[in-house]
Every structure is written in structure tokens, then in C-alpha cells.
Amino acid sequence: MAHFRSSRRRTGKKRNVLRKRRDPFNGKDIVYIDYKETKLLERFINDQAMILPRRITGVSAKNQRRIAEAIKRARYMALLPYVGEGIK
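Worth saying up front: this structure is predicted, and the values here are computed from it rather than measured.

K.L.:
Looking at this structure, I do not really get the overall build of the chain. What am I missing?
P.N.:
Summing up its helical and strand segments, the chain has three helices and zero strands in all. Overall, the chain shows an N-to-C arrangement of helices and strands of α-α-α. Within the span of the chain, comprising 88 residues, buried residues form 26% of the whole. Intrachain contacts of the chain at a sequence separation of at least 6 include 61% that bridge at least 24 residues. Counting only carbon and sulfur atoms, one obtains 49% of the accessible surface of the chain, whose full area is about 8,100 Å².

This is how it looks when you write it as C-alpha cells:
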């Protein structure tokens, strides 16, 4: 039995497509991401203070590891929250 495409169209559902952000470190030789630069690090956490994945942030794997390390250090030094405001 052959399979044919249905002539019915999909209706109703729209997918939420997140645009990939451009890599802010693209083309720069970044050796160290400073944990004291909280404005920079806040771009990589959401409102619940969770670290955003690199498929959303658009950074390379190496820089994502550096960002995660810097965010964790900033949390330890109480510069960034562990939990967002809405969760408390």
C-alpha cells in the first residue's frame, strides 16, 4: 500500500521560534570571562536565574563553558542570584 500525503493543511498551531543570538565574543580572543562583569553575565541567564543553553545564546562551546564558570563564581560571591525573583 502506497503512502500519499494528505491534502489537508495543518491549522491552528504556531511554533514559537527563538532566534539565535549572535555570538558576542565572535572573532575576539577571549582568554578569561570575568565573574565581576555582572551586566555581561546577566545576558546569559533567564528570569529564573538559569544559565541559557548555547543553542539560544549562540556562543561557541568553549565560551559557553567559560560563561558557565563565571556565572557560578559570581553566584558564589553573591553578585548574581541562584534563584530568580519570581521563585522566592
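K.L.:
What exactly am I supposed to notice about a nonpolar patch on the surface here?
P.N.:
A cluster of nonpolar side chains, Tyr76, Met77, Leu79, Tyr82, Val83 and Ile87, forms an exposed patch at the surface whose accessible area comes to about 660 Å². Owing to a relative accessible area of 35%, Val83 belongs among the partly exposed residues under this scheme.

K.L.:
Could you clarify how one ought to interpret the nonpolar core in this entry?
P.N.:
A general trend in soluble globular proteins is that nonpolar side chains are found buried together. Membership of the largest hydrophobic core is limited to 12 residues, which are Phe25, Ile33, Leu40, Leu41, Phe44, Ile45, Val59, Ile67, Ala70, Ile71, Ala74 and Leu80. Going through the elements one at a time, helix H1 (38-42) and helix H3 (61-76) are the ones with two or more residues in this core. The greatest single-element share of this core, amounting to four residues, is contributed by H3.

K.L.:
How should unusual backbone geometry be read in this particular structure?
P.N.:
What you tend to see is this: most non-glycine residues have negative phi, and most peptide bonds are trans. Of note in this structure, Ala49 is not a glycine but carries a positive phi near 70°. With respect to the helices and strands, Ala49 occurs in the loop between H1 and helix H2 (54-57).

K.L.:
How should I be thinking about the pattern of salt bridges in this particular structure?
P.N.:
Close approach of charged atoms allows side chains with opposite charge to pair. A complete count under the given rule lists one salt bridge for this structure. Between Glu69 and Arg73 there is a salt bridge; the shortest N-O distance is 2.7 Å. One end of the pair, Glu69, and the other, Arg73, are both in helix H3, four residues apart, so they sit about a helical turn from each other. On the basis of relative accessibility, which here comes to 40%, the residue Glu69 falls in the partly exposed class. A residue is classified by how much of its surface remains accessible, and Arg73, at 36% relative accessible area, is partly exposed.

About the criteria used
Residue numbers here run from 1 along each chain, matching the order of that chain's written sequence. Where local features are concerned, this predicted model is filtered to residues with pLDDT of at least 70; where side-chain atom pairs are given and counted, the filter is 80 or more; whole-chain, interface and lining totals use all residues. Hydrogens are left out, water is left out, and the side-chain values use all remaining heavy atoms of the structure. Strands are runs of DSSP state E lasting at least two residues, helices are runs of H or I lasting at least four, and both sets are numbered from the N terminus onward. Note on exposure labels: buried denotes an accessible area under 20% of the residue type's maximum, exposed denotes more than 50%, and partly exposed covers the range between, all computed with a 1.4 Å probe on protein chains only. The contact criterion used is simple: two residues touch if any of their non-hydrogen atoms lie within 4.5 Å. Methods summary: accessible areas were calculated by the Shrake-Rupley approach with a probe of 1.4 Å, and residue burial reflects only the protein chains presented. Patch members must show over 30% relative accessible area and no salt bridge, and they are joined within 9 Å when carrying like charges or within 5 Å when they are nonpolar side chains of Val, Leu, Ile, Met, Phe, Trp or Tyr. A carboxyl oxygen of Asp or Glu within 4 Å of a side-chain nitrogen of Lys or Arg is what we treat as a salt bridge. Buried residues of nine kinds, namely Ala, Val, Leu, Ile, Met, Phe, Trp, Tyr and Cys, make up a nonpolar core once their side-chain atoms join them within 4.5 Å.

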